[in-house]
Amino acid sequence: MFDWNDLRYFLAIARGGSTGMAAKALGVNQSTVQRRLRALEAALDCSLAERQAGGYRLTSHGEQLLAHAEKVETTVDTLQRQSASLDKRAAGLVKLTSHVTVGQRIIKSGFLDTFHLENPGITVELIMDQRKLDLSKGEADIAIRGGSLDDDPALVGRKIAEVPWGIYASHSFIERHGRPATPADIKGFSVVELVDEVERLPAARWMKMHAPNARVAARCSNIPSVHLAIKSGAGIAPLPAAYAAADDDLVRVLGPFPELDYPMFLLTHRDLRRIPRVNAVFEFCLSELKSVLMRGEMKK
């Protein structure tokens, strides 16, 4: 009999295509991934993945067993969630995940301190990650996400707020180059372009529409990088209004405009929603997060 836990390493290699990506996903080192894969192969008496020039590729045996391993993973995840749902104590750990910019506002606002004072038996662990953590696999219990409701039928959620965005520049940039008076003027200025994971944001699309041929001074794939690029004087770019308001070096040159608003949602797995400690955090978020997201502070 093999160690069931070793299936996680096999699945991580299948999904990541390399031991490096698998190690990153599992939070271990590459040698651990390789060792556990070899142990699983020895127990099953077959080769599951082969090293290639660009990483790892599943063997025909591995391809045939992949779907079965995924079924085991799904069953284990369900078992863990169902077991957790039987715990009726309003105490324990709750993992809350958000992007970095949202997490910064949560911490600065005193949101976590206030919750812990009111609920001393519950500990909220805030996970700030640009990656969308998997609620079904237990990577987090509650997620704060933007864009749209997740299409996963296992998740339940509520819209928290429509977060306003504006177009910003630094004081030094404005002193050197002036500022746009209308959206049509942006094309005459250097801009910071939002790419990769943030290029689908309404504000990024708006910039493309109004200044498709503007000189690109920098390209950034996350909001903290956009912030630093604007602050350095590289160019003009959009930012969440509440986030940008915390930096006195930034000036809002245009907006906010309704078409730049970004909807934010609170999500959890329907099985977890019934757990008292998770429900307590979820309800507190519904009550208090809108003010934090919109103004960067708790309700008065």
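Residues numbered from 1 in each chain as written. Predicted model: local features only at pLDDT ≥ 70, side-chain atom pairs only at ≥ 80, totals over all residues. Heavy atoms only, no water.

> Outline the pattern of salt bridges, supporting the account with residue identities and numerical values.
In this structure the tally under the stated criterion is 15 salt bridges. With a shortest N-O distance of 2.5 Å, lysine 159 and glutamate 162 are connected by a salt bridge. The closest approach of N and O atoms between aspartate 249 and lysine 231, which form a salt bridge, is 2.6 Å. Separated by 18 residues along the polypeptide, aspartate 249 in the loop between helix H10 (241-244) and strand S11 (250-254) and lysine 231 in helix H9 (residues 223-231) bring together distant segments of the chain. For lysine 231, a relative accessible area of 31% corresponds to the partly exposed category. (Salt bridge = Lys/Arg side-chain N within 4 Å of Asp/Glu carboxyl O. Helix = DSSP H or I, 4+ residues; strand = E, 2+ residues; numbered from the N terminus. Buried < 20%, exposed > 50% of the residue type's maximum accessible area, 1.4 Å probe, protein only.)

> Explain the packing of aromatic side chains residue by residue, including any values.
Each aromatic ring pair is specified by the distance between its two centres and by the angle formed by the two planes. All told, the structure shown has 5 aromatic pairs when counted by the stated rule. Ring plane angle 45° and centroid distance 6.3 Å describe the contact between phenylalanine 173 and phenylalanine 189, whose orientation is recorded as tilted. Of this pair, phenylalanine 173 sits in helix H7 (residues 171-177) while phenylalanine 189 sits in the loop between H7 and strand S8 (191-194); the two residues are 16 residues apart in sequence, bridging distant segments of the chain. The class of phenylalanine 173 is buried, set by a relative accessible area of 2%. Residue phenylalanine 189 is classed as buried on the basis of its relative accessible area of 14%. (Phe/Tyr/Trp six-rings, centres within 6.5 Å; stacked < 30°, edge-to-face > 60°.)

> Can you tell me about helix H11 (residues 276-295), naming the residues and giving the values?
Spanning 20 residues, H11 covers 29 Å between terminal C-alpha atoms, matching the ideal 28 Å at 1.5 Å per step. At glutamate 288, H11 shows its largest bend, some 50°. Looking only at H11, the buried set comprises Arg277, Val278, Val281, Phe282, Phe284, Cys285, Glu288, Leu289, Ser291, Val292 and Leu293. Positive phi appears at glycine 296, one or two residues downstream of H11, with a value of about 80°. (Expected span 1.5 Å × (residues − 1). Bend = angle between axes of the 7 residues up to and from the residue.)

> Give me the lowdown on the nonpolar core, citing residues and values where you can.
Counting 64 residues, the largest nonpolar core has Ile106, Phe111, Ile144, Leu239 and Leu289 as the members making the most contacts within it. At 8 residues, H11 tops the list of elements feeding residues into this core. Each residue touching leucine 289, except ones within four places of it in the same chain, is listed here: Ile106, Phe111, Ile144, Ile160, Leu266 and Phe284. Formed by 19 residues, the second largest nonpolar core is a distinct cluster that contains Leu11, Leu40, Tyr56 and Ala69. (Core = buried A, V, L, I, M, F, W, Y, C linked by side-chain atoms within 4.5 Å. Contact = heavy atoms within 4.5 Å.)

Shape is all these values report; function is a separate question.
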